[in-house]
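One letter stands for each residue in the lines below.
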Amino acid sequence: PARYPLAKTGKRKFDALYIARITPFKRHELAVKVKNLHLIGNYSEKEKEYFTQTIARFPDAVWSQKVTSFFIGRKICEAACGLALSAIEGAMFSCGEYSLCGVPVVNTKNLGGRDTLLPEFAVRYAEDNAASVAENVRYWVENPIPPEEIRDGFLRLALPQKEMVQDLVDSIAGKHLHLQRDSGADE
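Rules used in this analysis
- Residues numbered from 1 in each chain as written.
- Predicted model: local features only at pLDDT ≥ 70, side-chain atom pairs only at ≥ 80, totals over all residues.
- Heavy atoms only, no water.
- Helix = DSSP H or I, 4+ residues; strand = E, 2+ residues; numbered from the N terminus.
- Buried < 20%, exposed > 50% of the residue type's maximum accessible area, 1.4 Å probe, protein only.
- Contact = heavy atoms within 4.5 Å.
- Areas by Shrake-Rupley, 256 points an atom, 1.4 Å probe, with all protein chains shown as cover.
- Lys, Arg positive; Asp, Glu negative; His and termini not counted.
- Charge placed at Lys NZ, Arg CZ, Asp CG, Glu CD.
- 1 Å grid on protein atoms, 1.4 Å probe; cavity = no way out; pocket = protein on both sides within 12 Å on 5 of 7 lines; lining within 4 Å.
- Points joined across faces, edges and corners; volume = space filled by probe spheres on them.
- Nonpolar A, V, L, I, M, F, W, Y, C, P; charged D, E, K, R; others polar.
- Salt bridge = Lys/Arg side-chain N within 4 Å of Asp/Glu carboxyl O.
- Polar contact = N/O pair within 3.5 Å; in protein donor to acceptor, adjacent residues only side chain to side chain.
- Phe/Tyr/Trp six-rings, centres within 6.5 Å; stacked < 30°, edge-to-face > 60°.

I'd love a proper account of the overall build of the protein chain, names of residues and values included.
Tallying secondary structure elements over the protein chain gives five helices and six strands in all. Secondary structure elements of the protein chain, listed N to C terminal, follow the sequence β-β-α-β-α-β-α-β-β-α-α. When its C-alpha atoms are laid out on the principal axes, the protein chain stretches across 65 × 40 × 30 Å. A buried classification covers 42% of the 187 residues belonging to the protein chain. Long-range pairs, those at least 24 residues apart, make up 61% of the contacts in the protein chain between residues at least 6 apart in sequence. Within the structure as shown, the protein chain displays about 10700 Å² of accessible surface, and the carbon and sulfur contribution to it stands at 58%. In the protein chain, 25 positive and 24 negative side-chain charges are present, and the distance between their average locations comes to 7 Å.

Explain the layout of surface pockets to me, using residue names and the numbers behind them.
One number sums up the size of the largest pocket: a volume of about 260 Å³. Contributing to the lining of the largest pocket are 15 residues, with M92, F93, G96, L117 and F154 lying nearest its centre. Those elements giving two or more residues to the lining of the largest pocket turn out to be α3 (93-100) and α5 (147-183). It is α3 that provides the largest number of residues to the lining of the largest pocket, a total of five residues. Looking at the lining of the largest pocket, its residues break down into nine nonpolar, four polar and two charged. As a volume, the second largest pocket reaches approximately 220 Å³. In terms of lining, the second largest pocket is formed by 17 residues, of which the most central are I19, A20, R21, I40 and G41.

Describe the side chain of S99, listing the residues and the values that go with them.
On the secondary structure map, S99 appears in helix α3. The class for S99 is buried, based on a relative accessible area of 1%. Leave out the neighbours within four places in its chain, and S99 touches L118, P119, I150, R151 and F154.

Please provide a residue-by-residue account of the side chain of E97, values included.
Among the secondary structure elements, E97 is positioned in helix α3. Buried and without a salt bridge, E97 has R3 as its closest oppositely charged side chain, separated by 6.9 Å. For E97, the side chain forms a polar contact with the side chain of Y4, separated by 2.7 Å.

Residues and numbers for the environment of I76, please.
Mapping I76 onto the fold places it in helix α2 (residues 72-76). Spatially, the C-alpha atom of I76 lies 9.0 Å from that of A16, the residues being 60 residues apart in sequence. In contact with I76, not counting residues within four places along its chain, are L17, I19, E97, Y98, C101 and V103.

Pulling in residues and values, what's your account of the pattern of salt bridges?
In a structure, side chains of opposite charge can pair up when their charged atoms sit close to one another. Per the counting criterion, the structure on display carries six salt bridges. The residue R114 makes a salt bridge to E89 at a minimum N-O spacing of 3.8 Å. Here R114 is found in the loop between β5 (105-108) and β6 (123-126), whereas its partner E89 is found in the loop between β4 (82-84) and α3, with 25 residues between them in sequence. One salt bridge connects R138 with E142, and the closest N-O pair in it is separated by 3.2 Å. Of this pair, R138 and E142 are both found in helix α4 (residues 130-142), four residues apart, which corresponds to roughly one turn of the helix. Residue classification places R138 among the partly exposed residues on the basis of a relative accessible area of 38%. By sharing partners, the salt bridges in this structure join D15, R138 and E142 into a single network.

I'd love a proper account of the packing of aromatic side chains, names of residues and values included.
Following the criterion strictly, the structure yields four aromatic pairs and no others. Residues Y43 and F51 carry aromatic rings whose centres are separated by 4.0 Å and whose planes lie at 10° to one another, so their mutual orientation is stacked. Taken as a pair, Y43 and F51 share a single burial class, namely buried. With 5.2 Å between their ring centres and 75° between their planes, Y139 and W140 make a pair best called edge-to-face.

On their own, these measurements won't tell you what the molecule is for.
Structure (structure tokens):
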């Protein structure tokens, strides 16, 4: 709870938040029409020119280069929704962080794992264009969902994965303990 507090009901400081490194595959350009945007993300020195060009497209957005992990939940709670704009990516852990804080998501079609843990009622799919992303952000600003419902929905979806990981850890730990007993290591 300390790292991922539940967002308060009511108007938020930002319409949208995008936690993502400033790199081409994150497709920040899809958020250029979003009003009242907070971008959180560093960049690689190898991509400094790309970063400079990209951030220049967001003159009215707030950009934070880095937020320590302990405080990221507080930043998430300041937004009406989180953005997930990459087309190809693994899990995109920020989506889980948005959901843990009770913040809905504007998502794009993608290859990767993030969709499996987003509650259907707390995600809107935007087309791959800036107007559609902005329209879906506006939807969440005007149609908030109780944050606790989003968190509960996420936790229900995550439970089977959590149980699989726990079973795997238990089986490895059990084998390790069995090997120790067989070798006389605990004598």
